[in-house]
Amino acid sequence: MSNDDILLQVEDLTTSFRIDEQFYPANDHINLDVYENEIVAIVGESGCGKSAFGHSIMGMHHQEQTKISGKIHFKGADLLSYSNTQLNKVRGKEISMIFQDPLTALNPLMIVGKQIEEGMKYHTKLSKNKRKQKAIEILNEVKIPQPERVYSQYPHELSGGMRQRIVIAIAIACEPSLIIADEPTTALDVTIQARIIDLLKELKRRMKTSIILITHDLGVVSEMADRIAVMYAGEFVEIGEVKRFLKNPLHPYSKSLLYSLPSKNNQGEKLHVIKGVVPSLNHLQRQGCRFKPRMNGTDDSIHEETPTLREVEKGHWVRCTCYKHFQIENSHQVVEEEKDDVFQGQ
Amino acid sequence: MWKFVVRRILIMIPQLVVLSILVFILAKVMPGDALSGLVETPGVDSSTIEDMRTTLGINDPVHVQYLNWIKGLSQGDLGTSYIHQRPVLELLEARLWNTVYLSAAILFLTYLIAIPLGITAGRFHDSLIDKLIVGYNYITYATPLFIFALLMLFVFGFQLQWFPTGGSADINLEPGTFSYYMDKIYHLLLPALSGALLATVGTIQYLRNEIIDTKMKDFIKTAKSKGVPEAKIYSHHILRNSFLPIAAFLGYEITGLITGSIFLESIFSYPGIGQLFLQSISQRDFSVVTALVMVTGVATLIGTLLSDIILSLVDPRIRVE
């Protein structure tokens, strides 16, 4: 991957939300490159700022409640300098979004066909008939049976999995070059999840789209993503290729996440528990290593005073030096080759 | 769709039967009848009154009276007014239409005022304009209609003399002519406006809250992520969803207006059923009272039927296969 392939470059992005008349950063000076035709997974617990990041890219935040600074380079332009009207030309056409809950992401009073067409109305010059034709084609593409019939059905007449396919159809309607998938499988049951994942992979292959996959499901990550970025308390703590990351996670937070999942390596043992919870925005200690309060019995000297993201091997970045001293307690080291298989079906 | 409407109408039949029994029982348990007032009248002895009772059927067993009443009802015979000595139907006809006109005018003006205000308040919520509209809502909610209507009548009818102070039309005008209808509308305006200004509260508050609620919904985010301009998000996604409860309330609103016009009609001396209702109660003219209660009851049923039909038209989730 060379610099020419960079599709989206997030530089020093800080997104702050207003809580009681004060602004607190939910994303704190974060940097991330997304290359063309790749899937980057962003993982972390709830409240880490994953969704906030996805929403920032598309300018989806409430303007009065949010402050954003930094740069988001996309196809030679800085999206943060765009007005809302300019952004409307990018939203749906260049960058689109897949939402978590297919039950609420669709307008209950509009037939699904019209909802798929709606984006085309503003981004293309297609006639009404052509748009309908295209919408039916897209329904076909997301593998909806009897697309002509489903075109004029209302969301409540469809099952959850079908609705998620409609949500995906809306996202790909104008063939965007980047799709932000915000927990696309969280609200679905496991069998449907697998099919949606396959569909997304296939679409990505065919349309050469990049996907930012926001999830907390490492199983989904191992199946889909090329690279992974682990987010904790508004910062990336580790960025790397998925295969290498799963074999050899470095940052204590990444390790803890992985070892808190059941796998054949910790069979019969208690699962690892990360103590405490992600601190809320207005209670977060912003000095030093942010994960320190949740680590067991480590002394302060192993942490950096101002931790930065450092490249430890090519393409593998880690924040803070504490990773060198961290061991998961009562746990076997997981270094087996079949690490990939371990997460299948989770 | 038609199946749904037919089924909904069929459900109304048992409702009507229960309604008629209730109305009849209420009329019977009220003390006295149209002839009780005559007992003390000199020159009328009690046996004459008893004879009159027998001829009028008041002495028959209750179930016979009820069946007779129902038989009459089904043939469009609402009985005879003891006081006016005229068929109740005849009495009702002219007044019922006046009430219907007044209610329609109130409804029209209510929506004319409430919908723009509700949309504005919802779209710019927490702004100054929203606070003004909500303030107006609190004031109108707290204002009793009978005081407000009197005030309106005093200011615009008597002081400024912009509007007539009573009646439904000028008696010198030929019914059916253009100027007659214009005059009817002119007579309607002040009572309708008084009613409408206070009736807006529900619609404004509902619409405002629905819009604020819908704005936060996930499918609005979906629309935004498609690149739909804000104005279109309002017209295509937010408004239609926010109008659902308003549509649902339309039917009940109609019922409320027909019964609620009692105050307005008395204050503006407007010859509608409300005024007739008050008169008939004080004169114990029960055949008129029961007929009126029956009519408003039926209006309520039709109102809810309308609500259901309208709602099923705008909300695909309600449509029953």
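Residues numbered from 1 in each chain as written. Chains lettered and ligands numbered in written order. Predicted model: local features only at pLDDT ≥ 70, side-chain atom pairs only at ≥ 80, totals over all residues.

**What to know about the overall build of chain A**
What counts here: For the purposes of this entry, the term helix denotes a DSSP run of H or I that reaches at least four residues, the term strand denotes a run of E that reaches at least two, and both are numbered from the N terminus. Based on C-alpha atoms, the radius of gyration is set beside the globule rule, defined as 2.2 Å times the residue count to the power 0.38. Partly exposed residues are those falling between the two cut-offs: more than 12 but fewer than 20 other C-beta atoms within 10 Å of their own, whereas 20 or more means buried and 12 or fewer means exposed, with C-beta atoms placed from the backbone.
A tally of regular secondary structure across chain A gives eleven helices and twelve strands. Relative to the globule expectation of 20 Å for 346 residues, the C-alpha radius of gyration of chain A, 21 Å, shows essentially globular dimensions. Dimensions of chain A along its principal axes, counting C-alpha atoms only, are 65 × 45 × 40 Å. Out of the 346 residues in chain A, the part that is buried amounts to 42%.

**Things to note about helix 7 (residues 190-207) of chain A**
Residue and element names in this part refer to chain A. Threshold: One fewer than the residue count of a helix, multiplied by 1.5 Å, yields its expected span. Note that the arc is defined by the directions from the helix axis to the C-beta atoms.
When the terminal C-alpha atoms of helix 7 are compared, their 26 Å separation across 18 residues agrees well with the 26 Å that a helix rising 1.5 Å per residue should span. Restricting attention to buried positions, one finds in helix 7 the residues Q193, I196, L200 and K204. Taken end-on, helix 7 shows its buried residues confined to a sector of 75°, consistent with a single buried face. Across helix 7 from its buried face, at more than 90 degrees, point the exposed residues T191, R205 and R206. After helix 7 finishes, the residue K208 shows a positive phi value of roughly 55°.

**Considerations on the UniProt feature "domain: ABC transporter" (unreviewed entry) in chain A**
Cut-off, in case you're wondering: UniProt positions are given in the numbering used here, feature names are shortened, and annotations may be inferred rather than shown by experiment.
In this numbering, the UniProt entry assigns the feature "domain: ABC transporter" (unreviewed entry) to residues 8-258 of chain A. Within residues 8-258 of chain A, the helical portion is 39% and the strand portion 27%, while the C-alpha atoms at the span's ends are 28 Å from each other.

**Digging into helix 1 (residues 50-58) of chain A**
Given 3.6 residues to a turn, an α-helix orients residues that are three or four positions apart in the same direction. Residue and element names in this part refer to chain A. In terms of burial, helix 1 is largely enclosed, as eight of its nine residues are buried. Taken together, the buried positions of helix 1 are K50, A52, F53, G54, H55, S56, I57 and M58. G59 lies just past helix 1 and shows a positive phi near 65°.

**Details of the UniProt feature "transmembrane region" (unreviewed entry) in chain B**
All names here are of chain B. Residues annotated in UniProt with the feature "transmembrane region" (unreviewed entry) correspond here to residues 9-27, 100-124, 136-158, 185-207, 243-268 and 288-314. With 92% helix and 0% strand, residues 243-268 has end C-alpha atoms that lie 33 Å from one another. Counted over residues 288-314, helix gives 100% and strand 0%. Its end C-alpha atoms are 38 Å apart.

**What about the interface of chain B and chain A?**
Bring the parts together and some accessible area is lost; that lost area is often taken as the interface size. Inclusion rule: A pair of residues counts as a contact when their C-beta atoms, built from backbone coordinates, are within 7 Å of each other. The residue classification treats Ala, Val, Leu, Ile, Met, Phe, Trp, Tyr, Cys and Pro as nonpolar and Asp, Glu, Lys and Arg as charged. All others, Gly included, are polar.
Contact residues are listed per partner, giving 17 residues for chain B and 24 residues for chain A. Only helix 8 (218-225) and helix 9 (230-242) of chain B provide two or more residues apiece to the side of chain B that touches chain A. Tallying contributions element by element places helix 8 of chain B first for the side of chain B that touches chain A, with six residues. For the side of chain B that touches chain A, a count of residues per class yields four nonpolar, five polar and eight charged.

**Remarks on the UniProt feature "domain: ABC transmembrane type-1" (unreviewed entry) in chain B**
If you check UniProt for "domain: ABC transmembrane type-1" (unreviewed entry), the listed places come out as residues 96-307 of chain B in our numbering. Taken end to end, residues 96-307 of chain B is 82% helix and 0% strand, and its first and last C-alpha atoms sit 21 Å apart.

**So, the sheet that holds strand 12 (residues 316-319) of chain A**
Two modes of strand pairing occur in sheets, parallel and antiparallel, and in both the strands are linked by backbone hydrogen bonds. Residue and element names in this part refer to chain A. The criterion, for reference: At least two bridges found by DSSP between two strands is the condition for calling them paired. In this analysis an axis means a line fitted to C-alpha atoms, helices contributing only their contacting stretch, and an angle means the value between N-to-C directions, from 0 to 180 degrees.
Pairing in this open sheet of eight strands is mixed, and the strands run 6-7-8-3-9-10-12-11 from one edge to the other. The strands lining the two open edges of the sheet, one partner per strand, are strand 6 (95-98) and strand 11 (309-313). Within the sheet, the average angular offset between the axes of one strand and its neighbour, ignoring direction, is 20°. Here four bridges tie strand 3 (residues 39-43) to strand 9 (residues 227-232), and the two strands are oriented parallel to one another.

**Digging into the nonpolar core**
Applicable threshold: Put simply, a nonpolar core is a cluster of buried Ala, Val, Leu, Ile, Met, Phe, Trp, Tyr and Cys residues tied together by C-beta atoms within 7 Å.
Grouped together as the largest cluster of nonpolar side chains are 89 residues, with contacts concentrated most on A41(A), I42(A), A169(A), I212(A) and L213(A). Examining the composition of this core, we find that eight residues originate from one element, helix 6 (residues 160-172) of chain A, more than from any other. Excluding residues that lie within four positions of it along the chain, L213(A) makes contacts with I39(A), V40(A), A41(A), I42(A), A181(A), M224(A) and A225(A). Listed in part, the 22 residues of the second largest apolar core include A149(B), L198(B), I254(B) and I267(B).

**Observations regarding the packing of helix 1 (residues 2-29) of chain B against helix 12 (residues 286-314) of chain B**
Helix packing for two helices is described by the angle between their axes and how far apart those axes are. All names here are of chain B. Just so we agree on the cut-off: Just so you know how the angles are binned, under 35 degrees is roughly parallel, over 145 roughly antiparallel, 65 to 115 roughly perpendicular, and the rest oblique. If you view the pair so one helix is near and one far, a crossing is left-handed when the near helix is turned anticlockwise from the far one by less than a right angle, and right-handed when it is turned clockwise.
Running from N to C, helix 1 and helix 12 point in directions that differ by 155°, and their axes come no closer than 10 Å. Classified by the angle their axes make, helix 1 and helix 12 are roughly antiparallel. Helix 1 and helix 12 meet at a crossing whose hand is right-handed. Touching F4, V5, R8, I9, M12, Q15, L16, L19, S20, V23, F24 and A27 of helix 1 are F286, V289, T290, V293, M294, G297, L301, L305, D308, I309 and S312, all from helix 12.

**Topic: the environment of I30(A)**
Relative to the helices and strands, I30(A) is located in strand 2 (residues 22-35). Other than its neighbours up to four places away in sequence, I30(A) contacts V10(A), L13(A), F53(A), E235(A) and F236(A).

**Examining the sheet that holds strand 1 (residues 6-19) of chain A**
Residue and element names in this part refer to chain A. Taken in spatial order, the four strands make up an open sheet running 2-1-4-5, and their pairing is antiparallel. With partners counted over all chains shown, the strands left at the sheet margins are strand 2 and strand 5 (77-78), one partner each. Strand direction decides the pairing type here: strand 4 (residues 66-74) and strand 5, joined by two bridges, are antiparallel. Looking at strand 5, one finds that H73 is bridged to D78. Packing of helix 1 onto the sheet brings it into contact with strand 1, strand 2 and strand 4, and relative to strand 2 it is tilted by some 75°.

**Focus on the domain arrangement of chain B**
Residue and element names in this part refer to chain B. The condition is simple: Note that domain bounds follow an automatic or database assignment of domains.
What the domain assignment reports for chain B is domain 1 (2-74) and domain 2 (91-314). Each of domain 1 and domain 2 has a C-alpha centre, and these two points are 33 Å apart. Facing the 18 residues of domain 1 at the interface are 13 residues of domain 2. Considering only residue class, the side of domain 1 that touches domain 2 consists of eleven nonpolar, five polar and two charged.

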